[in-house]
Every structure is written in C-alpha cells, then in structure tokens.
Amino acid sequence: MMRHWLTNGTAVLMVLTAFVMPTATFAARGTQDAPKLLNLYLGWNIFDTDRTALANWDVVVLDMDLQWQAPERMRELRLANPGIKLLAYVSAGELADARALGDPTSPSFHLSQIAPEEFFMHQPDGRRMQWWPGAHLMNATDLGPAMSGQRWADALPEFVARELMSTGLWDGVFLDAAYSDITHFFGTNIDPDGNGTANPAASVNAAWRSGMSRLLRNMRAALGPNRIIMNNSSASYASQVNGVLFENFPRYGWIAPFRELQDSLAKNASPKVSAINTNTNNVETPSDYRLMRYGLGSALLADAYYSFDAGDRGHQRTWWYDEYDASLGRPTGPARFVRASGRSDGSGLWMRNYQRGIVVVNSGSAAGTIALPGTYEKLRGVQDPRSNDGGLVRSLAVPAEDARILLGEANAVVIRQSAFRNGEFVRVYDAEGRQVRNGFFAQRDDGPAGATVLAADLAGRGVESLVIAQKGAVTVKTPGERTVTFWPFGRSYAGSLTIAVGNANRDAASEIIVGRDKARPSDVRMFSRAGTELARWTAYHPQFSGGARVGIGDLDGDGLREIVTGAGPGGGPHIRVWKTDGLTWGGSFFAFHESERGGVSVAVGDVDGDGRDEIVVGSGEGARPRVRVFDFRGTLRKEFSLGDTPALNGVTVTVADVAGDGRKEIVVGGISAF
Amino acid sequence: MILFAPKRKTGLPIQAAQVVLAPSRAVTSYLRKWFDHRYRRRGASGWLFAFDLALLAVAGLLVAANLFFVLRPFFSPLRGVELVLRAPPLTAARPVPIEAVIRATDGRTHPNVGLTWHLPSWVEIVSAEPPLTENNSVLLGEVSPAQDRRSRLRVLIRAPSDTDVPFAFKLQEGSPLSGNVFTGSESRPVVASALTATPAFSVDQVEPGGTIPIIVKNGSSLAAPAVILRLTGADGAARSRFDDGSDVHIGALGAEEERIAYLSVVPDPGVSRVELRWELQDESRTVQVFRIPLRISDSVGVHVVEPLRSTPGGATAISTVSDAPAGLWVAHPLQETGSASHARTYDLAAGTSRISIPIRPGARTTDSTWSVIPFIVRSGMTVVGKRTVGVLSTPFPFAAAGRYYAETGDQVGVGPLPPRVGETTSYWIVWSVGPTDADLRDLTIEAPLLNGVRATGKFASDVPGNFSSDDGRARWSVPSVSRSGDTPTTFAFEIEYAPTAAHRGKVVQLVGKSSATGIEARSGATLEAEAPSQDTNLQNDERANGRGTVE
C-alpha cells in the first residue's frame, strides 16, 4: 500500500514540476573560459529582446531594483546559464535623487530611507555636492556625524546584506563611485566634518579613501567571503575587492590603465573579476569592430573580463561579436611585450597564449607584423570578414590600436568520443550549417591511415584510449595498459566496421558499439573495453547486405543512452533507435527520401546545446551531399547542403567539441579535398 | 428388438399390429419411466420438461442445419457468363500479357461477378489490372450484355518450350459464401524463351579441347534474378565442362544483358561424334533446353601467341600464326563492335597475322579477362578451336598536384603567397592514383624534392601506407590498394619552401617528376605511370594558380 502511494505520489510530483519549472529553451555560454564577458546592463528592466542574449554573459551587473522589478527574469538568466554571476549595482559614493521617488516597496526607496541628511557630503554652506546629474555625493569619510552610531560606511553594507543579498538572487555587489579622489570631480570646497569650513584637499581625499576602505571592509564582513565585490572608479581598493572596473578603456591612454589593470588583478581577491569597459562614447556604433577588438584583446592580455557598449549613458546593450564565440580556454602564459610599434611608452605589439589560441594586441601608433609561435587560424567571422577570414597564418600584420584573436590549428586530436576515418579531410560545421573552422586532415599519428579511429576515456579515469577498427578487428590502445584486440564478428570477417563508444550501463566505463559495414548480416554488437561481448542484435533484415552504421547517445535526456543505427548502402536511408540491450526504442524513420539507396552515416551528440543528444545523419553514396539533424522522434531539426555534385562515397559525419565551448560541432568527412 | 407382453389390452386386435407397435410402446414406456424418475420428484416438473425439450429441439435443429449445408452444394452453376482468354504466343522468361474477357451471354445482367486465377507456381504474376488480392482474385463487378469486364495480367512463365501452361480460373457471381460458380481452364504452349543460351556462332565440328562460346542472353525487359546454366548431357565427351565449372552460376542477368559461358569439349577416346545438352534455369526453373551434335575434327591450325594483354586506354593486339585462312572470335568487354554484344569475329590470313582490337574510348570494366577462339570453315563445316584467355589490366591513371587551397576552398597551405624571400610557405603535394578496376599491391610513389624544399612530416591518406622523405625524395609505400570504383585514391604530404635571394622573381620548382609503380593483384602485371613536376605557380590550384613568382 505504502509503495503504491509512494510510486504514484512521486509520479504526480514529477508531472507537476515539469509544468511549474520553466524549461530552458536556449543555451548559453555556461563557461568562465576566455573571453570572459561582463555586461553593465544598467536599466530599470530586462527587455524582452535581451532575455535570451543576456544569458550569454559571464557576469551581469543589474540595478538593484531588478530584484523587485523583474526577479523572475533574473531566475531565467540563472536557469539558462547556471554559471552566470549577477551583481547588484549600488553606488558607494553617491545617491541618486530618483531613488527616493520610487515605489515605497522598492529597494531604491529603502536605500533612500537609510540615508539621512547627515550621511551626505556638504559644502561649507551646507549644500549637497553633485557631479553626476541627479546624484549627490555621500560622506564616506569617518569625519561626518554618526547617526545611531552609524555612518554611511556602516549603513550601506548593512543595507546591501539585509535588503539585497538576503533575496538569494545576487552573487555580489557592484559599487559605483568608489572614488579614491573626490576633489578631482567635486572640487576642493568640501566640508566633510560639517564644521562650516572646507578641509584641505589632501586631507579630504585621505579621509575619503580611509572611509571608503572601511566601507569595503564592512561590505566584505556583511556579505561574507563567497560573494563578489566589484568597484568602479578607482583601483586603489583592488586588494579589498574581487574586481575593479576600468571604464572608458583605452580612451585616455593604453599603457597606464593596462598596467593598472594588471596590478589590480594581481591584488584582487579570488574570484578575480577585474574588467575593462570599452565603449563608443555614447555614440551608437556597435560596428566599430576595431575598437571592440582593441578593448577585448587588451582584456585578454590581462586575463580580465570585458565589456563593450555605447558608453556611460548607454550601458544597457547586448552587442555580440564573432570574437565572443572564440573559446580560448585559459591562458597558458603571461602577456608578452614583443616590440614597440610607433610610440616608445611601452605600447606596441603584445601577445598572450591561451589553451586554444592566441591574442595579439597592437597598442602602438603604427601597424606592425608579428611572427607567431606556430600556425594559427584566424576566426571565421561574418561581421568583419576582412580581418577574420578564417585563414591560416604563421605571422600576422596588426593595424595600430587593434587586436586579433587567433585559434590554434585544428587537428584530429580535438575529435573525441566520436569515430572518424584516419587521414580523411574534414570540415567543421555548427548545427546551422555554418562552417566554423578551416578544413583539415584528421590524421592521428598513433593510428593507421585509413582505419576508423575513436579517442575516448573508456575507463572513466581520465586516461584517453584510442580505439582502432580495421579489417574486422577492434584494437584498444590505452597508455600504461595492455593493448586489447578482438574480432567482434569472428576472425573470418575482415571487412569494414563502424564503431561508437558510450556508457551503456550504470558503471563508470564506456562500452564499445560495433557494426558491420557494407556486409551481411547487419549485426550490432556491444563490447566492454576488454573485448567481452555484452549484447548483440541484428539491426535490419538478415538478407540486407549494407550493414549498420552505429552511434550512441542520450536522446531524451533521461541519463540512459540509446543506440542509433543507420542502414548501409543498398537499403533506404533508414534510422533505427535501440535500447542498449537491443530492444527497439521509439520509432524508426527515413533520414532522406526512401529512394536513396546509398546508405547513411550517423553520429549522435548535442549539437544545438539543448541538453539532449541529436541524431546527425550524412547522406550516402551517390547522393547530393547533405547533413540532417533529427531529434529522437525523427523530427527534422536542422539540415544543410554541402553542394550539388553527388558525393560518390557519401558523406561521413561525426560530432566533437572542436571549438572547446562545450557544444558539439558536426565534423563532416568524405569530402574530396583535392 | 424387445417384445413386451402388453400389460393391458391396447385395443389393437391384430397381433401383428401389436408386434409392430411394440417397440414404440417400449420406447414410450421407457420415456414415461425416465420422465417419472427425472421430473416427477421436482417442482414444476412440467415446465422443466418443456425446457429440456426445447433445448433438445434447438440442438437437433443445429445438427440438421449443419448436415444440410454440408451435404447440400453451396453453389449452383453459373450460367449465362463466359470467359474468353486472349494471349499472344507464350514466351518464357519475359512478361506476357494475358487478358480474360468476361461477358454476359444470356442477355441478363450479372451482379458482383468475381474472378479468381489459379496459375501454376512457375507462372509469376508481374502485374494485374485491376489489381488482384492475395489469393489472385478480383471483383469485376456487374457483367451485362452492354458491358464486358476484363482482367489483364502480365505473367512471367518459367518453363521450357512446348510446355503447356494451364490458365485455370473461377468465375463467381454473388456472395463469397454462396452464389453461382463457373470454373474452367485453358492451356497454351510455351513457344519460345527470352532467356537463351546458344552458341555464339554456328558450330559443326570441334577440335579436341576446343571451346564453344555460349551467349546467355536475357531478351526481356525484366531482370532475371537467378540464372544458372547447367550441362545436362555430354554423350561421347564425358569430361566436357564449362570453363567456370560444371554449372555456370550467372546470378542476376539484367534486362537485355548477355554473358558468355565457355564449354570446352573433351571427347572420349576414339569417339568421333558427340552430343552436348544444356539447360538454362531461372529461379531453379528450366526455361530453355539446348542440344548440339558435333563431330570431332582435327586442330583448326591457328596458334594464338601468348600472353594476351589488354589495358583500357592502351592498344590491344592479337598475334596469330595460322596454317590456312581462318577466323578469330574475340570477346573483349571493352571492344568496339557496333552492337550491344562485345564479341565479334575477325578474318585471319594464312601465316602470321596481327589484329588490333578497337577499344571503346573511356570505357571501363571490372572484368579481368577476355577470350579468343579460332575457327575455320572446312567443307562448309565450321570447326572451332581452343580458347585462349587474355588478361585485362586495370587502367592506372596517376596525377600530381601542388595545393595551397583545397578544392573545397579551405586553406591547407600556410605562409606568404606568392612566396617571399626569407619566409617559409608550406604547400601540400597530392598524388592521386586511379580510379582502378583492380586491386593493386606494392604501390610506390615518389618524387624528388627540389630547391631546398623539405617535407614537414605531415601526411594524409585514407589508405594504410608509409610516408618517408630522405635523400631529398618523398616516397609513399602502400602494401595494398583496393580497386577504387569511381574515385581515385589520394596520398598527400606537406612541404615547406623558403626561397633564397637567388629565387627572387622566379617561379621555382618544388617537386620533380613523380613516378608511380604498382602490381595488379589479379594478373601480376606491373603498372607504371608518371606525373609532371610541380612548381610554385600551382597549376592545379584554382585559387592560388599564378601566384608563384618569388618576391
């Protein structure tokens, strides 16, 4: 009875949850690898048009009132990008008049209520001080009067912790106007102690810095060690915060702020989020690609976050660039000054290596050419194709005040977890059919040419094995282990094999799925990495002589994998899906017109970032070369053509994260390179 | 029969009547006793008895009905409808149109007329109009004096000539379970076969060991799926065999396709006359039988000089020495004959002759052999000689190309283009072999690297092999290459070139003449080819072509 109720209750709960929780219908970056992106999305709401795009940033600064205005959209962002950091914008040094005019239930209004007149900075005549229109300077020093034992440096952190952080919607706080020097902006007629006399500028600034430093200490104490504190306007407090924003970079010079950025990063507490904001000075010119690259390149040199928008009156932008999609990974060395170009102030050609590429910045006043430490691939961009033409280079000419991001040359090593023919020429496409990398020869030196090879961590212990299928035999080579060779279909079969690997049961190890290619019967067999047969079945009619091409993946996102077979030449382009024990799963379908008899190739992987694997199918021998992407129901999701000339040997498909961005690309072979 | 003495007077004066009625009285007495025993002790005994009686009556009715339907015929003869069968002379192994015309002859309209065909298992229905059900039936509908009905079939008959083909049918009017039925059958003989196996030319005599070429042809528009040629008799030549074995398993023979089988005649000692018989089968059914009587003759006196070799694209010639004017029958898959057949005859003069075989330009085949059979006419009799088999080698196309860009447009070279003094530019050299019609082994391709060019060590091929570069030469060694169908097999490697000042303003050779050698696996023939050198102008690279002058 109890079990009956439990089972039924759980099922009901799961159904209800599926309706209550919004489903993530878009995929975001979800990674903190470079380039690291920050968005100063300072507005009173998150626009409908920006809901999806904003999730692509790593750190987003939102006005604190968003927690009251649009909490569900904040949750959506986090659902779409679980790794996103949301920082509440609060001014540490000023209070906008508009805050007091807001809804009495809003955080802004509450903030205005904790700031009595005594917390404001005054001139000797008692007037408040203003630099930014509509906002007045607060007295962050310890010289002003205390109210109930508190000053601004005490009240603000308390407010942030109590009012903002307690909601659980924020990962930290962004403190604007954390000046180190207020006389520069507000003049010298400042009376911080309220005695009716202006204090000397030096003492005013010293008191300000001391007070602001105390404010930041109080903020850390209130927020705890795990929340992020970022400040604007000064790098003086770098050691007390996780990051400093360098706004308007490099409008007032490059070398000095760059050095300061590097210095701040060295001092920042972890996680380090110091950032550059480059902007178009309040002119709506998102296509200033040179400026964008210059700022981005500089941020990459420093391994900092990067923000690009219209300016301090137009921060709320979701401009996206080709360079943002270049997944560079982590830096593998420091930024290096190569040589001067034009100016002699330390500006010039700079370079920094990353795991999957390199960034080159020319901060000088003249173009310069730089020799690269190897062959690199320019980005394949659509926004500025002259600069990003996808070409291979060993040296690079960079215009003045510009930068380039280059990717490491693609090779067979990046094709993992999916089989390919060793030595064939391949091209890399995204699910939309856009070629994303220069074509290359997928040649592994540790496997024989012409063999079907597959690199994967079979044991689940972080050691990559190489599975080689050739002439009826499967060989598993693992460093430090004995090489295993077995004949899936007996020693008498010396024909072609198709292979796939995946975890077909609940242990840590992956299994090897093997099909007979262009042979009869179209058996599919599953083996352990030691060559022990675990399951077998026949995919198509016993008399069918085309064999079965195999793939494995989790098609419905339930954590259990399914095996996909595609018919070889002679049959229609038929796809079938199986459980890992050989029982049919779901329906079958024709990937192309039934009359096409050249067979199909199959691969399984998440190519659209929706969290479920798709079935990728390549057309067969003699057909126009096409690739189609299906879901597990056989519904066509994407397709693209590779030309009109029939491919005599058909198109082979495999899926791999070539870009290193966590999403699989479609690697297409069978193309004649020459 | 049990006689009961009546316990009381029945009122029947005649003893005989009493005797006659005694059994019935015994039965009724028994029944009365049975009734008393079964029903008297129960309440509502009358009702119970009536109920039981009713059940008995129903059972009896059912039994009677079954008996009625079993014994009574369902159908009565269908009258007033006739079926006329129309068919051309029947040819086996080829779809033949059959038409049944059903018409009313009694002036009445006959509703719901159905036709069922009953055909032998060796008659295959290829198509039907109207379509037939699984049991070869079709509902024709109403047949009236004003409206004939037709059932058209295309049938494929697998039987030898002179076989009678029974076309049996059943016409039925009314419901399937009853109605009027008319069954009938009409036979027609098979008069010919579209699938034939006949000598390529008229043969009267054969020298001992001589070979008769037999053309197996499918003259139908449909493919024959499983054709076998069987030698069924060899009187006086027991050791005679087809060259491919006792039976020739031709397999699928496409529409209008022909193959050649070779029957070598080995007479028994002292025998001067032989008779050979063979039959042609499709799907295990005989469609044609053939017999040929032959006299054993002396040698035809023609010697074909061996070995015979032929390579597509190259000249093919046959040298012979003949004692007298004779003829040569040549079957070569690529021979230009002016007809669908690829066999033809040539005249031979006495003495030495050399015949050039015209080869169809651009033609290819996967056949590995061709055949030559001499014959001579003596006293009006054609005497056939021994067969000589020639080797048909695969074509061996070979090309070399220098590339900076792939055909797909992807950049595969790196570095300045045109090359610049002091900087390094890399290219890919691509060797392509084939397409070939035969497997190759021990394929070696090599070329000298010139002007300081060096191989980087990067190479690519989808065929197992070894790449090496030493002594200023680049070399691919490939143990085996399967025949490549329609696409060449490529072997590519990367080179680097750093021009010196001496190269400035010039187009520089990168790789010298390339040479390829290999052995055709089926024949052992050595194949050789060359390709021109490659320079920085990259003639084969559409995008990089012409950008080879060193700067």
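Residues numbered from 1 in each chain as written. Chains lettered and ligands numbered in written order. Predicted model: local features only at pLDDT ≥ 70, side-chain atom pairs only at ≥ 80, totals over all residues.

Bringing the overall build of chain A into the picture now. Looking only at helices and strands, chain A has 10 helices and 37 strands in total. Referenced to the eigenvectors of the C-alpha coordinate spread, the extents of chain A come out at roughly 100 × 75 × 45 Å. Buried residues in chain A amount to 50% of all 674 residues. In chain A, the share of contacts with a sequence separation of at least 24, taken over all contacts with a separation of at least 6, comes to 61%. (Helix = DSSP H or I, 4+ residues; strand = E, 2+ residues; numbered from the N terminus. Buried ≥ 20, exposed ≤ 12 C-beta atoms within 10 Å, placed from the backbone. Contact = placed C-beta atoms within 7 Å.)

This brings us to the overall build of chain B. What chain B contains, in helices and strands, is 2 helices and 39 strands. Taken over C-alpha atoms, the radius of gyration comes to 43 Å for chain B, far larger than the 24 Å a tight globule of 551 residues would show. On the principal axes, the C-alpha backbone points of chain B span a range of 155 × 75 × 55 Å. Looking at chain B residue by residue over its 551 residues, the buried ones come to 35%. In chain B, once contacts between residues fewer than 6 apart in sequence are set aside, the share between residues at least 24 apart is 70%. (Rg over C-alpha atoms; globule rule 2.2 N^0.38 Å.)

Before going further, it helps to spend a moment on the interface of chain B and chain A. Contact with chain B, which involves 21 residues of that partner, is made by 23 residues of chain A. Among the elements of the structure, strand 29 (398-403), strand 30 (425-433), strand 32 (454-461) and strand 35 (489-497) of chain B are those that each provide at least two residues to the side of chain B that touches chain A. Considering only residue class, the side of chain B that touches chain A consists of 8 nonpolar, 8 polar and 5 charged. (Nonpolar A, V, L, I, M, F, W, Y, C, P; charged D, E, K, R; others polar.)

Quick look at the nonpolar core now. Val467, Ile499, Ile513, Val616, Ile666, Val667 and Val668 of chain A are the most contacted members of the largest nonpolar core, which has 123 residues in total. The element that contributes the greatest number of residues to this core is strand 30 of chain B, accounting for 6 residues. The contact partners of Val667 of chain A, leaving out residues within four places of it in the chain, are Ile415, Phe420, Val426, Val428, Thr654, Val655, Ala656 and Val658 of chain A. (Core = buried A, V, L, I, M, F, W, Y, C linked by C-beta atoms within 7 Å.)

This part is about the pairing of strand 18 (residues 424-429) of chain A. The side chains of a regular strand alternate between the sheet's two faces. All names here are of chain A. For strand 18, a buried count of 6 out of 6 residues is recorded, marking the element as mostly surrounded by other parts of the structure. Judged by which residues are buried, strand 18 turns out to be covered on both faces: Glu424, Val426 and Val428 on one side and Phe425, Arg427 and Tyr429 on the other are all buried. Strand direction decides the pairing type here: strand 18 and strand 19 (residues 435-442), joined by 5 bridges, are antiparallel. The residue bridging Val426 from the neighbouring strand is Phe440, located in strand 19. Sheet analysis places strand 18 next to strand 37 (residues 665-669), joined by 3 bridges and oriented antiparallel. What sits directly across from Arg427, in strand 37, is Val668. (Pairing = 2+ DSSP bridges.)

All right, on to the environment of Trp578 of chain A then. Residues and elements named next belong to chain A. Looking at the element boundaries, Trp578 is found in strand 30 (residues 574-578). Sequence separation between Trp578 and Ile563 is 15 residues, and the spatial gap between their C-alpha atoms is 5.0 Å. Leaving out residues up to four positions away in the same chain, Trp578 has contacts with Glu562, Ile563, Thr565, Leu583, Thr584 and Trp585.

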